[in-house]
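# A look at the structure
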Amino acid sequence: MIKLSVNINKVATLRNSRGGHLPSVLEATRVCVEAGAPGVTVHPRADARHITVRDVRDVATLLHGLGGRTEFNIEGDPRPDLLKLVHELRPTQCTIVPVQPGEVTSQAGWPADTPHAEISAVAADLRNAGVRVSLFVEPGEAPIRWAKDVGADRVELYTEPFARAFERGAAAAQASFRRYAAAAELAHALGLGINAGHDLDLDNLVLFRTLPHLEEVSIGHALISHALFIGLDRSVREYLSALRH
């Protein structure tokens, strides 16, 4: 079964727009877990514009108190303060993503010409600490082979291009999907696990859930947006149902 990791950043974005404690990131985490989400994702950025370091520690404590049945994924760029936090909290998984100055959200995966040394050292340190390492990459042969070479356990396929293709109609969606399927087959052949995320929603998951060897999807914006109208518990359950079919 494909696992769902709910990205709760948008809950913090809404809270931070007013200040104070509402909506509660911890309450959102509890609702997701009680609705059956196998995972929770946070992406603490350097400017703390949504999830804060305190949030990350609080969510880690909450999930630990629930017996560790829900996987915790911390994602972000490999800056020293983030890596220090990951080593402190020992989440299930750390997803390393490239960050471009001024970006609103992730815009691309790691390019295949990224020097090996820094990322290899980061991956080795995290794996030695018992943290699964996932690298955010484009669905192409070169970046997937790069991820294998630097020591990743998994790749997270950057799915915004697929989402935009899906919006253009069935032919474009199928053409894009074939590219992702080939990437997934290669990653699997190299011994890498396969995650995916960015702009996946209830509509495009109907096709994307059939991706070969797909283990986990990370979904935040669409799921939380849907929850504004039907509630977070129901939104999580609908996404879980979509992944089961």
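Let me begin by describing the structure that accompanies this report. (Residues numbered from 1 in each chain as written. Predicted model: local features only at pLDDT ≥ 70, side-chain atom pairs only at ≥ 80, totals over all residues. Heavy atoms only, no water.)

## A word on the overall build of the protein
Rule in force here: Here a strand is any run of E in DSSP of at least two residues, a helix any run of H or I of at least four, and the numbering for each starts at the N terminus. We compute the radius of gyration over the C-alpha atoms and compare it with the globule rule, which gives 2.2 Å times the number of residues raised to the power 0.38. Throughout, the Shrake-Rupley method with a 1.4 Å probe supplies accessible areas, and for residues the shown protein chains are the sole cover considered. Within this scheme the basic residues Lys and Arg register as positive and the acidic residues Asp and Glu register as negative, but His and the chain ends are omitted. Charge coordinates come from a single atom per side chain, which is NZ of Lys, CZ of Arg, CG of Asp or CD of Glu.
Along the backbone of the protein there are 11 helices and 8 strands. For the protein, whose C-alpha radius of gyration is 17 Å, the value lies close to the compact-globule estimate of 18 Å for 245 residues. About 11,000 Å² of surface is accessible on the protein, with carbon and sulfur atoms providing 54% of the total. Between the mean site of the 26 positive side-chain charges and the mean site of the 29 negative ones, the protein shows a separation of 4 Å.

## Quick look at the side chain of asparagine 204
Worth spelling out the cut-off: Any residue under 20% of the maximum accessible area for its type is buried, any over 50% is exposed, and the rest in between are partly exposed; the area is computed with a 1.4 Å probe on protein chains only. For this analysis, residues touch if any pair of their heavy atoms sits within 4.5 Å.
Structurally, asparagine 204 can be placed in the loop between strand 7 (193-197) and helix 9 (205-208). Take asparagine 204: its relative accessible area is 2%, and that puts it in the buried class. In this structure asparagine 204 touches Phe162, Ala163, Phe166 and Asp199, once residues within four positions along its chain are discounted.

## Quick look at the nonpolar core
Applicable threshold: Side-chain atoms within 4.5 Å are what join buried Ala, Val, Leu, Ile, Met, Phe, Trp, Tyr and Cys residues into a set we call a nonpolar core.
If you look at the biggest cluster of nonpolar residues, it comprises 73 residues, and the most contacted ones within it are Leu4, Leu135, Leu211 and Val236. For this core, the element with the most residues is helix 8 (residues 170-189), which contributes 8 residues. In this structure, leucine 135 is in contact with Ile96, Trp110, Ile119, Trp146, Ala147, Val150, Ala152, Arg154, Val155 and Glu156, ignoring residues within four places of it in sequence.

## Re the side chain of arginine 132
As a reminder of what qualifies: Pairs of N or O atoms within 3.5 Å make up the polar contacts considered here, provided that, within protein, one atom can donate a hydrogen while the other can accept it, and that residues adjacent in sequence are counted only when both atoms are side-chain atoms.
Inspection of the secondary structure assignment puts arginine 132 in strand 5 (residues 132-137). Since its relative accessible area comes to 16%, arginine 132 is described here as buried. Here glutamine 93 takes part through its side chain, which lies 2.8 Å from a polar atom of the side chain of arginine 132. If sequence neighbours within four positions are ignored, arginine 132 has contacts with Glu71, Thr92, Gln93, Cys94, Asp153, Arg154 and Glu216.

## Quick look at the pattern of salt bridges
Test applied: Note on definitions: salt bridges are taken to be side-chain nitrogens of Lys or Arg within 4 Å of carboxyl oxygens of Asp or Glu.
Going through the model one piece at a time under the given rule, you end up with 19 salt bridges. In this structure, the salt-bridge partner of arginine 57 is glutamate 88, at a minimum N-O distance of 2.8 Å. Taken together, the positions of arginine 57 in helix 3 (residues 53-65) and glutamate 88 in helix 4 (residues 80-89) put the pair 31 residues apart, joining distant regions of the chain. Take glutamate 88: its relative accessible area is 44%, and that puts it in the partly exposed class. For aspartate 81, the salt bridge identified is with arginine 79, shortest N-O distance 3.0 Å. For aspartate 81, a relative accessible area of 44% translates into the label partly exposed. One connected set of salt bridges, linked through shared partners, spans Lys3, Glu71, Arg132, Arg154, Glu215 and Glu216.

## Focus: unusual backbone geometry
Cis geometry is found at the peptide bond from leucine 22 to proline 23, where omega equals -5 degrees. Backbone geometry at histidine 198 places phi at a positive 120 degrees, although glycine is not the residue there. Along the chain, histidine 198 turns up in the loop between strand 7 and helix 9. By relative accessible area, histidine 198 is classed as buried at 14%. The phi angle at histidine 213 is positive, at roughly 65 degrees, despite the residue not being glycine.

## Here's the deal with the packing of helix 2 (residues 25-34) against helix 3
Our working rule: Here the axes come from fitting lines to C-alpha atoms, over the contacting stretch only for helices, and the angles between their N-to-C directions go from 0 to 180 degrees. Helix crossings get a hand from a simple test, with the near helix turned counterclockwise from the far one by less than a right angle marking a left-handed crossing and a clockwise turn marking a right-handed one. Residue polarity follows a fixed list, in which Ala, Val, Leu, Ile, Met, Phe, Trp, Tyr, Cys and Pro are nonpolar, Asp, Glu, Lys and Arg are charged, and the others, Gly among them, are polar.
At a closest axis distance of 10 Å, the pairing of helix 2 and helix 3 adopts a crossing angle of 35 degrees. Handedness of the crossing formed by helix 2 with helix 3: right-handed. For the pair formed by helix 2 and helix 3, the contact residues are Val25, Leu26, Thr29, Arg30 and Val33 on the first element and Asp55, Asp58, Val59, Leu62 and Leu63 on the second. When grouped by side-chain class, the residues that make up the contact of helix 2 with helix 3 number 6 nonpolar, 1 polar and 3 charged.

This is a description of form; function is not addressed.
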